[in-house]
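Below are the chains, spelled out letter by letter.
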Amino acid sequence: YYNVDAIHSAIGNNKQIQFQYFQWNVKKEKEFKKDGAKYQVSPWALLWEDEKYYMIGYDKEADSIKYYRVDKMLQIDVLEEDRLGKGHFEKFDIKTYSKKNFGMFAGTEQSVKMRFHNRLAGVVIDRFGHEVMMIPDGDDHCVDLQSWRCIWNCRNSTDLDFFNSDNCIFSRLYYEKPWCFKGR
């Protein structure tokens with residue numbers, strides 16, 4: 001909750017923040033993005049979605065609005081520099097943004113097993129927890145042989161495969177959009 005407090009303070013005082021950001025790898029270890037270099041972002045909002053905090057902010061380097069999982073932010077420093085990106089947020093609708101970027105999809109519910117590219121290890125751990133089984137399947141993929149109940153919105157990709165009880169691939173999901181699992 002120190003991260004949330006620091007971000008609230010920065011928003012309230014119109015200041016930018018710096019932080020390190022990480023993801024999980026297939027060994028369930030923290031792996032820093034940007035080789036551990038600090039991000040510098042102007043925070044504009046905190047959003048509570050799917051039992052997690054997200055910071056929505058302006059990234060000057062990319063000249064765009066981005067979101068970050070607060071629990072993956074380390075060593076947050078509130079800077080003396082005033083926030084940037086006000087023009088991007090004047091017409092910003094957080095409700096519409098959150099519907100596009102978070103939450104659940106409508107679709108068909110199935111019981112499936114999944115196979116995923118190693119670079120998705122962090123996404124899988126974030127969604128299912130550290131108890132998820134990651135069994136290597138070749139050099140680039142892992143499988144989890146547990147059965148999952150899921151609902152999804154299909155897109156074409158080879159990064160995340162789902163198998164039905166006959167071990168046939170029946171859907172491929174695009175990993176950049178969160179998929180919706182109802183549970184095991």
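As the structure is a computational prediction, the values presented were derived from the model and not from experiment.

Draft legend 1. Quick peek at the packing of aromatic side chains. Per the stated rule, a full pass over the model turns up eleven aromatic pairs. Measuring from centroid to centroid gives 5.2 Å for Trp-44 and Phe-89, while their planes differ by 20°, and the two rings are stacked. Linking Trp-44 in strand S3 (residues 39-49) with Phe-89 in helix H2 (residues 86-89), this pair joins segments that are 45 residues apart in sequence. Seen from their ring centres, Tyr-54 and Tyr-67 are 5.9 Å apart, and the 70° between their planes marks the pair as edge-to-face. In this pair, Tyr-54 is assigned in strand S4 (residues 52-59) and Tyr-67 in strand S5 (residues 64-69), connecting sequence segments 13 residues apart. On the basis of relative accessibility, which here comes to 11%, the residue Tyr-54 falls in the buried class. Of the residues examined, Tyr-67 reaches a relative accessible area of 29% and is grouped as partly exposed. Above the plane of the ring of Trp-44 lies Arg-83, whose end atom (NZ or CZ) is 3.6 Å from the centre.

Draft legend 2. Inspection of the confidence of the model for the protein chain at higher detail. When pLDDT is averaged across the protein chain, the result is 76; 70% of the residues are at 70 or more. Mean pLDDT values for the elements of the protein chain range from 36 in strand S12 (residues 180-183) up to 97 in strand S6 (residues 73-82). In the model, residues 103-109 has pLDDT below 50 throughout and makes 21 contacts with residues more than four positions away in sequence or in other chains. Confidence drops under a pLDDT of 50 for residues 151-157, and excluding neighbours within four residues, the segment shows 30 contacts in the predicted structure.

Draft legend 3. Quick look at the nonpolar core. Of all hydrophobic cores here, the largest spans 15 residues; its most connected members are Ile-7, Ile-17, Phe-19, Met-55, Tyr-68 and Met-73. For this core, the secondary-structure elements that each account for two or more residues are helix H1 (2-12), strand S1 (15-24), S3 and S6. The element best represented in this core is H1, accounting for four residues. Leaving out residues up to four positions away in the same chain, Ile-7 has contacts with Ile-17, Pro-43, Leu-46, Met-55, Val-70, Met-73 and Ile-76.

Analysis parameters
- Residues numbered from 1 in each chain as written.
- Predicted model: local features only at pLDDT ≥ 70, side-chain atom pairs only at ≥ 80, totals over all residues.
- Heavy atoms only, no water.
- Phe/Tyr/Trp six-rings, centres within 6.5 Å; stacked < 30°, edge-to-face > 60°.
- Helix = DSSP H or I, 4+ residues; strand = E, 2+ residues; numbered from the N terminus.
- Buried < 20%, exposed > 50% of the residue type's maximum accessible area, 1.4 Å probe, protein only.
- Lys NZ or Arg CZ within 6 Å of the ring centre and 35° of its normal.
- pLDDT = per-residue confidence, 0-100.
- Contact = heavy atoms within 4.5 Å.
- Core = buried A, V, L, I, M, F, W, Y, C linked by side-chain atoms within 4.5 Å.

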